[in-house]
Amino acid sequence: MATNLQDIIRANQMLKDIITHTPLQKDQVLSERYDCTVYLKREDLQVVRSFKIRGAYYQISSLSKEELKAGVVCASAGNHAQGVAYSCQALQIKGVIFMPSTTPKQKVAQVEFFGRNYVDVRLIGDTFDDSYAEAMRYRDEHHMAFIHPFNQDHIIAGQGTVGLEILNDLEETPDFIFSSIGGGGLISGISTYIKSISPATKMIGCEPAGAASMKEALKQGGVVELPEINKFVDGAAVKRVGEKTYEICKQYLDDIVLVPEGKICTTILKLYNENAIVAEPAGAMPIAALDFYKDQIKGKSVVCVVSGGNNDIGRMEEIRERSLVYEGLQHYFIIQFPQRAGALKEFILNVLGPQDDITRFEYTKKNNKSNGPVLIGIELKSNQDYDGLIQRMDELGFGYEEVNKNQSLFSLLI
């Protein structure tokens, strides 16, 4: 039976003394940028720095005494694992948590911190789906309750309390709510509540362009498994959405926006620099999606759910790099340099623009050859400077290959 309004109200009553009622803040910077009223639902300030505690605790607390005694098992890319770990420690039950080996170290450490001695963390596979398969095998072998990250009724109801809080805290009726989609639990819960109370509110799902499993499911008319995904937005990189969440999204979503990973990186940096908000990629995604809806939201009331803030500081250089490439400011070339004195000086003086900066330079001199290949990274002040750079290389006879446009080479570089 599908999650309904009453399920979410019951979940809220059960959770109100367990979770943080996170703030709904008007964001002046974003409101001025998009000429509308933008509110941020700050789930990055939740107990485990994401919304996942809501569904995890509600699902686990609904188990029988016998199931609680046997313990629980889950699979997660990070945030759900933290919610399960926190719940295990709070309820003093055993938990075995499977996570992809690609999960940022910061998230793994947080799971261990919240679970203390009650959880056993196991890193398996490269994606959530790999961890999920192993967790299901372990569940069957040890007869433990499986706590799904998105495809269980109590999980969806728990996540739906985000929508309940939004409507309770907002004096006006929101015209749009933007929320991220991984497996679909969060947006399924929110949309179930919102559409029951305010059917005119537009529910806009946001998926990574490289992991658009819900968009594809809706296109195909049923849940499908993507053959491969871009794992960068780790909190939303899921090959296959849930059957329950698919049915709810099919009923309630007004649109899904596919957001490029590089655009998400730009948004993460802006949120940090302009708003002092540390958002993980999945948490920043709904805000990144506003650019694709700027005409429709003008003059409207808009809520963006910042679903989590578990971002590993070690990823920031990669995030900056991806942002610069997406914005057309960072370019990589393999250039054939003449092996003669003065060739590099000629390139710097006559090819580079006055505000262009060399950020990477790798040169291998080869004996008995007139040219040597150089890998060079150039950061531009403006993306409009790109055409002039290419023109000068052509005019001065520097042979080159653009690494940014060769996905195989680029994937080795970044």
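Being a predicted model, the structure only gives us computed values, none of them experimental. (Residues numbered from 1 in each chain as written. Predicted model: local features only at pLDDT ≥ 70, side-chain atom pairs only at ≥ 80, totals over all residues. Heavy atoms only, no water.)

Novice: Which residues make up the pattern of salt bridges, and what are the values?
Specialist: As enumerated under the stated definition, the model contains 22 salt bridges in all. The salt bridge partner of D291 is K263, with a shortest N-O separation of 2.2 Å. Residue D291 is found in the loop between α13 (281-288) and β10 (301-306), and its partner K263 is found in helix α12 (residues 261-275); the two are separated by 28 residues along the sequence. The exposure class of K263 is buried, given its relative accessible area of 10%. Among the ionic contacts, a cluster of salt bridges with common partners joins K41, E43, R54 and E165. (Salt bridge = Lys/Arg side-chain N within 4 Å of Asp/Glu carboxyl O. Helix = DSSP H or I, 4+ residues; strand = E, 2+ residues; numbered from the N terminus. Buried < 20%, exposed > 50% of the residue type's maximum accessible area, 1.4 Å probe, protein only.)

Novice: Could you give an account of the layout of surface pockets, with specific residues and numbers?
Specialist: The calculated volume of the second largest pocket comes to roughly 230 Å³. What lines the second largest pocket is a set of 15 residues, and nearest its centre among them are T102, T103, K231, F232 and D234. In the lining of the second largest pocket, the residues fall into six nonpolar, four polar and five charged. (1 Å grid on protein atoms, 1.4 Å probe; cavity = no way out; pocket = protein on both sides within 12 Å on 5 of 7 lines; lining within 4 Å. Points joined across faces, edges and corners; volume = space filled by probe spheres on them. Nonpolar A, V, L, I, M, F, W, Y, C, P; charged D, E, K, R; others polar.)

Novice: Which residues make up empty space enclosed by the protein, and what values go with them?
Specialist: Gaps left between atoms are located by rolling a probe of water-molecule size over the structure's atoms. Evaluation of the coordinates by the stated rule reveals one cavity of 30 Å³ or more. In this structure, the largest cavity encloses a volume near 300 Å³. What lines the largest cavity is a set of 27 residues, among which K52, G182, G183, G235 and A236 lie closest to the centre. Elements represented by at least two residues in the lining of the largest cavity include exactly α5 (79-91) and α9 (185-197). In terms of residue class, the lining of the largest cavity is built from twelve nonpolar, eleven polar and four charged.

Novice: Describe the pairing of β10, naming the residues involved and giving the relevant values.
Specialist: Of all six residues that make up β10, six are buried, and the element is covered over most of its length. Burial along β10 is two-sided: the face carrying S301, V303 and V305 and the face carrying V302, C304 and V306 are both buried. Of the strand pairs in this sheet, strand β2 (residues 37-42) and β10 are connected by six bridges, and their pairing is parallel. Among the inter-strand pairings, V38 is bridged to a residue of β10, identified as V302. (Pairing = 2+ DSSP bridges.)

Novice: Which residues make up unusual backbone geometry, and what are the values?
Specialist: Among all residues save glycine, negative phi is the norm, and among peptide bonds the norm is trans. The phi torsion at Q92 lies on the positive side, around 55 degrees, for a residue other than glycine. Looking at the element boundaries, Q92 is found in the loop between α5 and β4 (95-99).

Novice: Got a sec to walk through the sheet that holds strand β6 (residues 145-146)? Specific residues and values, please.
Specialist: If you trace the four strands from one edge of the open sheet to the other, you get β5-β4-β3-β6, paired in parallel fashion. Whereas interior strands pair on both sides, the edge strands pair on one side only; in this sheet they are β5 (119-123) and β6. As paired elements, strand β3 (residues 72-75) and β4 share four bridges and run parallel to each other. Residue pairing for β4: A75 is matched across the bridge by F98. In the packing of α5 onto the sheet, contacts are made with β3, β4 and β5, and the angle to β3 comes to roughly 165 degrees. Seen against the sheet, helix α6 (residues 105-115) touches β4 and β5 and runs at an angle of roughly 165 degrees to β5. (Contact = heavy atoms within 4.5 Å. Axes fitted to C-alpha atoms, helices over the stretch in contact; angles between N-to-C directions.)

Novice: Let's hear about helix α10 (residues 213-220): which residues, and what values?
Specialist: Those residues of α10 that sit buried are S213, M214 and A217. Each buried residue of α10 lies within a common arc of 95 degrees when the element is viewed along its axis, so the set occupies one face. Buried residues along α10 sit in contact with β8 (202-208), α11 (243-252) and β9 (255-259). Positive phi appears at G221, one or two residues downstream of α10, with a value of about 80 degrees. (Arc of directions from axis to C-beta.)

Novice: Which residues make up the packing of aromatic side chains, and what are the values?
Specialist: Tallied over the entire structure, the rule returns twelve aromatic pairs. With centroids separated by 6.3 Å and ring planes inclined at 85 degrees, the aromatic side chains of F337 and F361 adopt a geometry described as edge-to-face. You can see F337 sitting in strand β11 (residues 330-338) and its partner F361 sitting in strand β12 (residues 357-363), a full 24 residues away along the chain. A network of ring pairs unites the aromatic residues F337, F347, F361 and F398 as a single cluster. One cation-aromatic arrangement involves R116 over F113; the distance from NZ or CZ to the ring centre is 4.6 Å. Across the ring face of F232, the terminal group of R315 is positioned such that the distance to the ring centre comes to 4.8 Å. (Phe/Tyr/Trp six-rings, centres within 6.5 Å; stacked < 30°, edge-to-face > 60°. Lys NZ or Arg CZ within 6 Å of the ring centre and 35° of its normal.)

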